[in-house]
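# Summary of the model geometry
These are the residues of each chain, in order.
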Amino acid sequence: MIFWANVHGGCVSGTGLLLIYAIGEFFNKKPCKHYLLTLLGCVAAMFINPYGFDYIKFLFMATTMQRNMIAEWQNIFEIGTFELIKAKIFYILAIITAVYSFFSNKKNGIKFDYTKFLLLITTCFLAILHLKHSPFFIITATIFLYDKFFELFNGGVGSVRNLLKLNPENFLKKFVFVKEAGVYIFVFLGIASVLYLNHEPVSARSLKEYPVKIVEFMKINDLKGNILNNFGIGSYISYK
């Protein structure tokens, strides 16, 4: 953490991961003290930097600031229907698999893993809210949902393959599965809708918010030298 905090502000995600594991294992009724102690140690280690407490204040500001004009901080479902379509398909399949996993575990008497689902829900929410956080959800979903994804499309009573087989003997089981899975999906979409409605949509392409004319003036007149600008428009100026 000392090294991480001194090279990139993403060190905050490390403390968040430890916190999720501590909360999840607490609800799983498993030992969580080691996660909390590690978390406290990591937070203390973050103070070992050239700026002291000022760096911690900067991290808080950086993680809460608005980045309306930076593309990688946009909501993935607000950037155009067919843009990043592969990522959107992955998200949707991962969410369906997570719901299936929850139902499948319940049906088979497997104890609910709070840590696993807290990780999935948190990283999914962050990834949808901000493109930049996509790797967190992609890695988490790939690790925790691989077996259930395989089961969903290759076997099991509620798998896609078996649901398409109109076998009268298993019709009732399939009906119950679809009904209960539908309830879980409805609840999930309800929660997601509330979170989405509370999020004010922003556009990454508003020309009013970019110094279009100023940059064009600089290009036409071939102005040279360093440019002093705020953080939000730096990537646009570099691009132009």
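Residues numbered from 1 in each chain as written. Predicted model: local features only at pLDDT ≥ 70, side-chain atom pairs only at ≥ 80, totals over all residues. Heavy atoms only, no water.

Across its full length, the protein chain carries twelve helices and zero strands. Per element, the accessible surface of the protein chain, about 16300 Å² overall, is 70% carbon and sulfur. (Helix = DSSP H or I, 4+ residues; strand = E, 2+ residues; numbered from the N terminus. Areas by Shrake-Rupley, 256 points an atom, 1.4 Å probe, with all protein chains shown as cover.)

Running from N to C, helix H6 (residues 114-129) and helix H7 (residues 134-144) cross one another at 150°; their axes reach a closest spacing of 8 Å. By crossing handedness, the relation of H6 to H7 is classed as left-handed. Residues Lys116, Leu119, Leu120, Thr123, Cys124 and Ala127 of H6 pack against Ser134, Phe136, Phe137, Thr140, Ala141 and Phe144 of H7. Residue composition of the contact of H6 with H7, grouped by class: eight nonpolar, three polar and one charged. (Axes fitted to C-alpha atoms, helices over the stretch in contact; angles between N-to-C directions. Left-handed = near helix turned anticlockwise from the far one by under 90°. Contact = heavy atoms within 4.5 Å. Nonpolar A, V, L, I, M, F, W, Y, C, P; charged D, E, K, R; others polar.)

Turning next to the pattern of salt bridges. Between side chains of opposite charge, pairing is possible as soon as their charged atoms come close. What the rule picks out here adds up to four salt bridges. A salt bridge links Lys57 to Asp54, with the nearest nitrogen and oxygen atoms 3.5 Å apart. A residue pair is termed a helical-turn pair when its members lie 3 or 4 positions apart in one helix, as Lys57 and Asp54 do in helix H4 (residues 53-64) at three residues. When the shortest N-O distance is used, the salt bridge between Asp222 and Lys224 registers 3.1 Å. (Salt bridge = Lys/Arg side-chain N within 4 Å of Asp/Glu carboxyl O.)

What follows is about the layout of surface pockets. Considering only enclosed or pocket space, the largest pocket measures out at about 1400 Å³ in volume. The wall of the largest pocket is formed by 47 residues, among which Trp73, His130, Lys132, His133 and Phe136 lie closest to the centre. At the level of elements, helix H2 (11-27), H4, H6, H7 and helix H12 (234-239) are the ones that each hand at least two residues to the lining of the largest pocket. Element by element, the count of residues in the lining of the largest pocket is highest for H2, at eight residues. Across the lining of the largest pocket, the residue classes tally to 23 nonpolar, 20 polar and four charged. (1 Å grid on protein atoms, 1.4 Å probe; cavity = no way out; pocket = protein on both sides within 12 Å on 5 of 7 lines; lining within 4 Å. Points joined across faces, edges and corners; volume = space filled by probe spheres on them.)

Attention now goes to H7. Among all positions of H7, only Ser134, Phe137, Thr140 and Ala141 are buried. Down the axis of H7, the sector holding all buried residues measures 140°, keeping them to one side. Turned more than 90 degrees away from the buried face of H7, the exposed residues are Ile139 and Ile143. (Buried < 20%, exposed > 50% of the residue type's maximum accessible area, 1.4 Å probe, protein only. Arc of directions from axis to C-beta.)

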